[in-house]
Amino acid sequence: MTETSAPSFTEWLRGRSEPDWTAVTTHPFTDALFEGLVPAAKMRSYLVQDFQFVDDFLALLGSALAKADRYSSRLAIAGSIGVVTSEENTYFQRAFDALGVGESDRTSPALDPATTAFRELMADTNARGGYAEVLTVLTVAEWSYLEWAMRAPAAAPENFVHAEWIELHNNHGFRRWVQWLCGELDRVGAALDERARARCLRLFQQATRCELDFFNAHWD
Ligand SMILES: Cc1ncc(C[n+]2csc(CCO)c2C)c(N)n1
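Residues numbered from 1 in each chain as written. Predicted model: local features only at pLDDT ≥ 70, side-chain atom pairs only at ≥ 80, totals over all residues.

This part is about the environment of S80. Position of S80 relative to the elements: it lies in helix α5 (residues 71–85). By the C-beta count within 10 Å, which is 21 here, S80 ends up buried. (Helix = DSSP H or I, 4+ residues; strand = E, 2+ residues; numbered from the N terminus. Buried ≥ 20, exposed ≤ 12 C-beta atoms within 10 Å, placed from the backbone.)

What follows is the structure in C-alpha cells.
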C-alpha cells in the first residue's frame, strides 16, 4: 500500500552501482571533451581502443537480436545495429584520418587492459548470458554514454572529432534508443526471480566499472 514509487529495475541497478556510475557520467575526460581540450594523443588512443570495443559491442547487439523474446524487440535492436554500422563507422574513419591513425592501429592495435577487460565481459555475456544479461551490459554502455553527453553545454567544441563524438551520444535518435533499452530491461527484469536479478546487478556493476576504467586509461 505504501509502494507508490518503487524504483524501476534500471533505476535500482544504477543506484546500486554508485559511486562508479556518477564517476563515469561526470568523468573529467568528458568535461575536457566539452571544451575541446582533450589532447590529440589522448583522443587518438581513446578512439583507437573504442573502435575495438565497438566491434564486440556489435556482436553483443547481434546476441540481443537473437535472444529477444518478441518481434518488436528484434526490430528495435535491428534499427540500432543499422546506426552502429553506418553513421558511427564513418565517424571513426574520418576521426582516424584527422588524427593520423595508421592502418595497423585501425585494424589491430595493441589492446589496453581496460579494453580487453570490457571485451571479455561482453564476449562472456554473449556466450553465456540470456536476454536479460545481454540487455544489462548493453544498457550500461549506452545509458552511461547518454548521461555524460547530456551534460554537454549548448556551444559545441570547434574540432569535429570532439563535437561529433558528443553529438553521436546525445542526439534525439540515440536518446530514444536508450529510453527503449531501459524500458525493455525494466519489462524483462520484472519477470526475473531474485537470483537472476542479482546476476544482472553484478553485471551492471562490472560493466560500470569497465566504463570507468576505460575513461581512466586515457586520462590522468
Ligand atoms: C567504452 C564505451 N562505452 C560505451 C560506448 C557507447 N557506444 C558503444 S557502441 C555505440 C553505438 C550506438 O549504439 C555507442 C553509443 C562507447 N562508444 N564506448
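Resuming the write-up.
Turning to helix α9 (residues 131–150), a few remarks are in order. Its 20 residues give α9 an end-to-end C-alpha distance of 27 Å, which sits within 8% of 28 Å, the value for a rise of 1.5 Å per residue. For α9, the tally of buried residues reaches 15 of 20 residues, placing the bulk of the element in the interior. (Expected span 1.5 Å × (residues − 1).)

Before going further, it helps to examine the nonpolar core. Within the largest apolar cluster, 44 residues are counted, with the highest numbers of intra-cluster contacts made by L60, A64, L135, V137 and L138. Every element with two or more residues in this core is listed here: α1 (9–15), α4 (40–67), α8 (113–128), α9, α10 (160–170), α11 (172–190) and α12 (194–216). Sort the elements by how many residues they give to this core and α9 lands first, with eleven residues. If near-sequence neighbours (up to four positions away) are discounted, L60 is found in contact with M122, T125, N126, V134, V137 and L138. (Core = buried A, V, L, I, M, F, W, Y, C linked by C-beta atoms within 7 Å. Contact = placed C-beta atoms within 7 Å.)

Another aspect to go through is unusual backbone geometry. Residue P19 is bonded to the preceding E18 through a cis peptide linkage, with omega at 5°. By secondary structure assignment, the location of P19 is in the loop between α1 and α2 (20–25).

Turning our attention to the environment of F174. Mapped onto the secondary structure, F174 falls in helix α11. Each C-alpha atom, one on F174 and one on V83, is 9.3 Å from the other, the two residues being 91 residues apart in sequence. When sequence neighbours within four positions are dropped, the list of residues in contact with F174 reads L146, L168 and H169.

On to the confidence of the model for the protein. Chain-level pLDDT for the protein is 95 on average; 97% of the residues reach the 70-or-more range. Predicted complex, confidence summary: ipTM 0.93, pTM 0.95. (pLDDT = per-residue confidence, 0-100.)

Attention now moves to the site of the ligand. Around the ligand, a shell composed of 14 residues is seen, among which F57, V84, A141, Y145 and F214 lie nearest. Counting residues per element, the ones that place at least two in the shell around the ligand are α4, α5, α9 and α12. The greatest single-element share of the shell around the ligand, amounting to four residues, is contributed by α4. The residue inventory of the shell around the ligand, partitioned by class, reads eight nonpolar, two polar and four charged. (Near = placed C-beta within 6 Å. Nonpolar A, V, L, I, M, F, W, Y, C, P; charged D, E, K, R; others polar.)

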